[in-house]
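An overview of the molecular structure
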Amino acid sequence: MTEKTYAMLKPDAVAAGQVGEIIARFERVGLALDRMELAEVTPQQAAANYAEHEGKPFYDGLIRYITSGPVVKLVLSGEGAVALTRKLMGATNPAEAAPGTIRGDFGMVMDANVIHGSDSPESAEREIAIFFGETES
Ligand code: IDP
Ligand code: MG
């Protein structure tokens, strides 16, 4: 099914000059770039996006990190876009992510793991609204 997902190249990826190579991977598998914007994540957006992790030991560091510099916000669309994007991203911990995945190839540590991607179509809808406003459908 054609669907949309939200993905975000985190501050470490932007700072390291990895944006082009990562976006090329999405284009290579045929995902379409519906929206793309370089921006800083606001504290409100960070808290909304990571609400499920509030109270965990890494939460404060995560919010500090995601708001620490520019990110690239993306809406990707295509057949099974949510699962396909998660597959290309690889495991959450770059140390465990398989070679060939974005986190496996570009990341080193869990605290700065290169990329965010929605984990379900429901999360995608919620996160697109958080980062691109309520009008995006
Ligand atoms: P996901 O990004 O693969 O969906 P989640 O478990 O939803 O992984 O965690 C959200 C983000 O929180 C991760 O991408 C990572 O940046 C951060 N995170 C998760 N677990 C840890 C941890 O144990 N230490 C530090 N950061 C973590
Ligand atoms: Mg998650």
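Residues numbered from 1 in each chain as written. Chains lettered and ligands numbered in written order. Predicted model: local features only at pLDDT ≥ 70, side-chain atom pairs only at ≥ 80, totals over all residues. Heavy atoms only, no water.

1. Details of the packing of aromatic side chains
The tally for this structure, following the rule as stated, stands at two aromatic pairs. Summarising the aromatic geometry, the rings of Tyr 6 and Phe 131 are spaced 4.6 Å apart at their centres and angled 0 degrees between planes, so their arrangement reads as stacked. Of this pair, Tyr 6 sits in strand E1 (residues 2-9) while Phe 131 sits in helix H7 (residues 121-132), and the two are 125 residues apart along the sequence. Taken individually, Tyr 6 and Phe 131 each receive the classification buried, so the pair is uniform in this respect. Where Tyr 6 meets Phe 132, the ring centres are 6.3 Å apart and the plane angle is 70 degrees; that geometry is what we call edge-to-face. Of the two residues, Tyr 6 is situated in strand E1 and Phe 132 in helix H7; the sequence distance between them amounts to 126 residues. The two residues Tyr 6 and Phe 132 agree in class, both being buried. The residue whose ring lies beneath Lys 73 is Phe 132, and the NZ or CZ to ring-centre distance is 4.9 Å. (Phe/Tyr/Trp six-rings, centres within 6.5 Å; stacked < 30°, edge-to-face > 60°. Helix = DSSP H or I, 4+ residues; strand = E, 2+ residues; numbered from the N terminus. Buried < 20%, exposed > 50% of the residue type's maximum accessible area, 1.4 Å probe, protein only. Lys NZ or Arg CZ within 6 Å of the ring centre and 35° of its normal.)

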